[in-house]
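# Survey of secondary and tertiary structure
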Amino acid sequence: MMIGEKTVIKRLAMIGLITGLIFTGCGQADPKGADVSTEELNVSTGESDANVEKTDANIEETSDQSENIEKAEEEDMAATLLYQGHGSVRIVTSEGKVIYIDPFMGEGYDLPADLILMTHGHYDHTKEDLIAGKNEGCTVIKWSDALKAGEYQTYGLGFVSIETVEAGYNKNHDVSECVGFILTFSDGVKVYFSGDTSTTPSMAGFKEKELDYAFLCCDGVYNMDVSEASECAKAIGVKHTIPYHMEPAKDKSGFDMSVAEKFNAPGKIILKPGEELVLE
């Protein structure tokens, strides 16, 4: 009986020891498990942050691409002007319509015309035969059409609206035989072409028209000089002003950089013959 009791006691002690070890081991295993879980969580969080940053970068890149596409589309929708020299200009509208103003000098007469405008009857503004051809329905508006019985005419052609305004006011250009034109394109951009002129009374009211561009003659021989043209530009209050018709045609170049550089007006743009300008 004594041996049996000792054996039972030993067995009970061993069971208690084993049980304690088991509980102690489990207690130690939990922190290790927690550490691993935390590390895994940190890794997972880091990957998520990297993915978020990558997504943000992709969004920014896509936004930049969209802005570039929109800008390109806007340029495609805008009219493009070619300065041919002297007082000669060609415009291709967003609809693909071709407009010539005072054809005389330079290159770029190869496109058939949809509209031809002439500000007065002097030879350096009326070389209509330089234009390769005319599309069906081409409209030709001369100074004598645009100013009738003292009334300045307006025209609506769909791809452009035309407002005739006064010009002349010097000994070489009679106000009754000269005009300027304000063109408004289908996107709302407005461009004023002075033709041959000095300061006109109507220029004082042009600021209300909110013009985007103005082409002002400034040769100082047959018309106003660059100083007077600069003052006209300030009075008009246009966003961008371009000096043109800046030397007599007899000099054949149709452009004088020294005159262009003296032109002083806000938003000045210097266009050389053969250069293009997107009207936007």
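Scroll up for the structure.
Below is a short write-up of the structure.

Rules used in this analysis
- Residues numbered from 1 in each chain as written.
- Predicted model: local features only at pLDDT ≥ 70, side-chain atom pairs only at ≥ 80, totals over all residues.
- Heavy atoms only, no water.
- Buried < 20%, exposed > 50% of the residue type's maximum accessible area, 1.4 Å probe, protein only.
- Helix = DSSP H or I, 4+ residues; strand = E, 2+ residues; numbered from the N terminus.
- Pairing = 2+ DSSP bridges.
- Axes fitted to C-alpha atoms, helices over the stretch in contact; angles between N-to-C directions.
- Contact = heavy atoms within 4.5 Å.
- Phe/Tyr/Trp six-rings, centres within 6.5 Å; stacked < 30°, edge-to-face > 60°.
- 1 Å grid on protein atoms, 1.4 Å probe; cavity = no way out; pocket = protein on both sides within 12 Å on 5 of 7 lines; lining within 4 Å.
- Points joined across faces, edges and corners; volume = space filled by probe spheres on them.
- Nonpolar A, V, L, I, M, F, W, Y, C, P; charged D, E, K, R; others polar.

### Details of the pairing of strand β4 (residues 113-117)
Of all the five residues making up β4, five are buried; the element is thus mostly covered by neighbouring parts of the structure. When β4 meets strand β5 (residues 134-141), the two strands line up parallel, connected through four bridges. Looking at β5, one finds that Leu-115 is bridged to Thr-139.

### Considering the sheet that holds strand β8 (residues 154-156)
Spatial strand order, β8-β9-β10-β11-β12-β13: six strands in an open sheet with mixed pairing. At either end of the open sheet lies a strand with only one pairing partner, and these are β8 and β13 (240-244). Taken over all neighbouring pairs, the strand axes of this sheet differ in orientation by 15 degrees on average, direction set aside. Note: β8 against strand β9 (residues 160-166), three bridges, orientation antiparallel. Paired with Thr-154 across the strands is Glu-163, a residue of β9. Seen against the sheet, helix α3 (residues 226-236) touches β11 (190-193), β12 (213-217) and β13 and runs at an angle of roughly 155 degrees to β12.

### Thoughts on the pairing of strand β3 (residues 98-101)
Side chains Val-98 and Tyr-100 project from β3 onto one buried face, and the interleaved Ile-99 and Ile-101 project onto a second face that is buried too. Here four bridges tie strand β2 (residues 88-92) to β3, and the two strands are oriented antiparallel to one another. Paired with Val-89 across the bridge in β3 is Ile-101. As consecutive antiparallel partners, β2 and β3 are separated by five residues, and within that stretch Gly-96 has a phi angle of approximately 85 degrees, a positive value. Looking at chain direction, β3 and β4 are connected through three bridges and run parallel.

### Focus: the packing of aromatic side chains
Within this structure, the stated rule accounts for five aromatic pairs. Plain terms: the ring middles of Phe-193 and Phe-215 are 5.0 Å apart, the flat faces sit at 20 degrees to each other, and that makes the pair stacked. Taken as a pair, Phe-193 in strand β11 and Phe-215 in strand β12 lie far apart in primary sequence, 22 residues in all. Judged by relative accessible area, Phe-215 falls into the buried class, the value being 0%. Measuring from centroid to centroid gives 5.6 Å for Phe-215 and Tyr-244, while their planes differ by 75 degrees, and the two rings are edge-to-face. In this pair, Phe-215 sits in strand β12 while Tyr-244 sits in strand β13, placing the two residues 29 residues apart along the sequence. Three or more aromatic residues link up through ring pairs in this structure, and these residues are Phe-193, Phe-215 and Tyr-244.

### Side note on the environment of Val-278
Inspection of the secondary structure puts Val-278 in strand β14 (residues 276-279). According to the relative accessible area criterion, Val-278 is partly exposed, its value standing at 28%. Separated by 187 residues in the primary sequence, Val-278 and Ile-91 have C-alpha atoms spaced 9.6 Å apart.

### Observations regarding empty space enclosed by the protein
What the rule picks out here adds up to one cavity of 30 Å³ or more. For the largest cavity, the calculated volume is near 30 Å³. In this structure, the largest cavity is lined by Met-77, Ala-78, Ala-79, Thr-93, Ser-94, Glu-95, Phe-159, Phe-185, Ser-186 and Asp-187. Here the residues of the lining of the largest cavity sort into five nonpolar, three polar and two charged.

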